[in-house]
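# Structural overview
Given next are the chains, with one letter for each unit.
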Amino acid sequence: MKTIFTPKAACMLLLTLLQITIASWAFAQVPSVDHGSPSKKAETVTVKPASKSFWDNSRLPAFLQDDVSASTRQKEQTGMAASPLGSAWPEVRVVPKDDRILGTLGGLRTKMEQHGLAFTLTYLTETLGDVAGGRKRGVTYTHQVVMGTDLDFEKMLGWKGASFHMLGIQRAGRNVATDYMGVTPLTQPQEDYGAGGNVLYKLVYMYMEQSLFDKKLLIDFGRMPANMKFGTSYLGCYALNMITCAHPSGLSNVTKWRSWPFSQWGIMARVNPGKRLYAQAGFYEVSPTEGGRAGFNFSFAQNGFVIPVEIGWEPSFGRNKLTGHYKAGGYIDTSDHPDPFTSTDGRPRLVSHLPGKTERQRGAWYIGADQMVYRYGPAANQGVLLYGLAGWNMGASLPNQSQYTLGIISQGMFPGRITDAISFFWTRQTVNRKITRQQEMQADMGLPLLNGVAAPQSDFQVLELTYTAFIARGIKLLPDLQYIINPDANKVYPNALLAGFRFVAQF
């Protein structure tokens, strides 16, 4: 196979890394923040005198304590598959409280939230180009506009623990994976590309939430994706590729364990017994419509049910509060699906010419963890974090067999830029062995291959390097490099080098 590491490609890679380094140094020159001892509480943080700017003392409140967890609503506001890493997640919010371009709208936003009404408006774009390898060179653009409303009925009506949440998106753009890198969308370098494009408003979720017993029990009911709160990690969205952000795509691709922007009728409950432990489970319909094009098809004509479960532990170690998140879970899908290789009589479909054997149940399971191993300062996530996830599919009709992901994130290494981070992720996904066997038989018989590829598929890998830069209030820029090994899970096209960025504006 032809390698892409030519002198020209190597120079391009070094130049991009040099630009990131120079940008990092430049960002580090802004007025610095005195964090004090890592063991001190967040309230002791002070700010050195500086010129009037986004970072001055009048705008910079006390940093959140490291053991504060993001609420369900706050994690959802920007999308589990499209996080802008902004103030919607307290675990990474080490920026001024009003981290939005429009601020408080002259105090109007603050008054509205005090009375139980909050809204979200975020613009996100991901522009990526195939600069070497793949099928051909080229650049694509995608964008996602997130629009949402949250009602706190406890503040509005005195209904303790009750709230309502509604959010939708508008998407548009082109797919770098199928336009330039290969012929299949097996890996999706732009996580904001996908279903729901070219619709003015596509409903993602609309549900009621009720907390009970001093928030030890949380119940959600309504329209929502089945995996929105299962198998997810906000750390994954330090990357752009959907294989990492924000859940294992190898376990959810072409499944009924749906994610953004699809919606299903469902109910879930989460129990928090204490000692940083939790357990959660859900019950969702397998919908033939999945909300329709705009997400407002509320018909209940289910073909089965998806039942996800997850248990977790969220500790904080030592005097430096080295936070971690550990989880294990999975799901069962009770709907029927045809086997891609085995026919109804047990022989290969290419031999028997009969329909595929019906698979009555399928699913997946996973384990995941992240752990801070070194702390630069007292702000949340201000340190070096390690991330890992492994998942395995159980079902002949699923396109993937397994996924393994490892990552390292260093946030706040520059005293004056504690919100900035550099991250590196590696992921390997394997294709369902039955699909590979089917393609091998098709190749031997001189037939077109399943999925439209030119050679049997086996596995692919993604290596991604990203820098997260908070440019100004409500504005983030993430320069990004991705190296895709076996773009179509085979060796037909050379390994691809992608370069681009994510830009986020939060209003």
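Conventions we followed
- Residues numbered from 1 in each chain as written.
- Predicted model: local features only at pLDDT ≥ 70, side-chain atom pairs only at ≥ 80, totals over all residues.
- Heavy atoms only, no water.
- Helix = DSSP H or I, 4+ residues; strand = E, 2+ residues; numbered from the N terminus.
- Buried < 20%, exposed > 50% of the residue type's maximum accessible area, 1.4 Å probe, protein only.
- Contact = heavy atoms within 4.5 Å.
- Areas by Shrake-Rupley, 256 points an atom, 1.4 Å probe, with all protein chains shown as cover.
- pLDDT = per-residue confidence, 0-100.
- Disulfide = S-S within 2.5 Å.
- Pairing = 2+ DSSP bridges.

### A look at the overall build of the chain
Assigned secondary structure in the chain consists of eight helices and 21 strands. In the chain, which comprises 507 residues, the share counted as buried stands at 55%. For the chain, the proportion of contacts with a sequence separation of at least 24, taken over those separated by at least 6, is 66%. Accessible area of the chain: about 21,000 Å², with a carbon and sulfur share of 63%.

### Quick word on the confidence of the model for the chain
Mean pLDDT for the chain: 80, with 79% of residues reaching 70 or above. Counted against residues more than four places away or in other chains, residues 1-96, with its pLDDT under 50, gives 203 contacts.

### Some thoughts on unusual backbone geometry
Here the bond from tryptophan 260 into proline 261 is cis, since omega is -5 degrees, no more than 30 degrees from zero. Structurally, the position occupied by proline 261 is in the loop between helix 6 (249-252) and strand 8 (264-274). The phi dihedral of aspartate 214 is positive, around 60 degrees, even though this residue is not glycine. With respect to the element layout, aspartate 214 can be found in the loop between strand 6 (202-212) and strand 7 (217-224). Residue classification places aspartate 214 among the exposed residues on the basis of a relative accessible area of 71%. We note that asparagine 486 has phi near 60 degrees; this positive angle belongs to a residue other than glycine. Along the chain, the position of asparagine 486 falls in the loop between strand 20 (475-485) and strand 21 (496-506). Note on asparagine 486: relative accessible area 6%, which makes it buried.

### Structural notes on the state of the cysteines
This structure, assessed with the given rule, holds one disulfide. Disulfide partner of cysteine 237: cysteine 245, at an S-S distance of 1.9 Å. Torsion about the S-S bond of the cysteine 237 and cysteine 245 cystine: about 80 degrees, corresponding to right-handed handedness. The two residues cysteine 237 and cysteine 245 agree in class, both being buried.

### Quick notes on the pairing of strand 9 (residues 277-285)
Inspection of the sheet shows strand 8 paired to strand 9 by seven bridges, in the antiparallel sense. Note that in strand 9 the partner of arginine 270 across the bridge is glutamine 280. What sits between the antiparallel neighbours strand 8 and strand 9 is a turn of two residues, in which lysine 275 has the positive phi angle 55 degrees. As paired strands, strand 9 and strand 10 (residues 305-313) are joined by seven bridges and run antiparallel to one another. Looking at the pairing, tyrosine 284 lines up with valine 306 of strand 10.

### Quick word on the side chain of threonine 255
Tracing the chain through its elements places threonine 255 in the loop between helix 6 and strand 8. Residue threonine 255 is classed as buried on the basis of its relative accessible area, which comes to 2%. Discounting residues that sit within four places of it in the chain, threonine 255 has contacts with Tyr331, Arg362 and Leu398.

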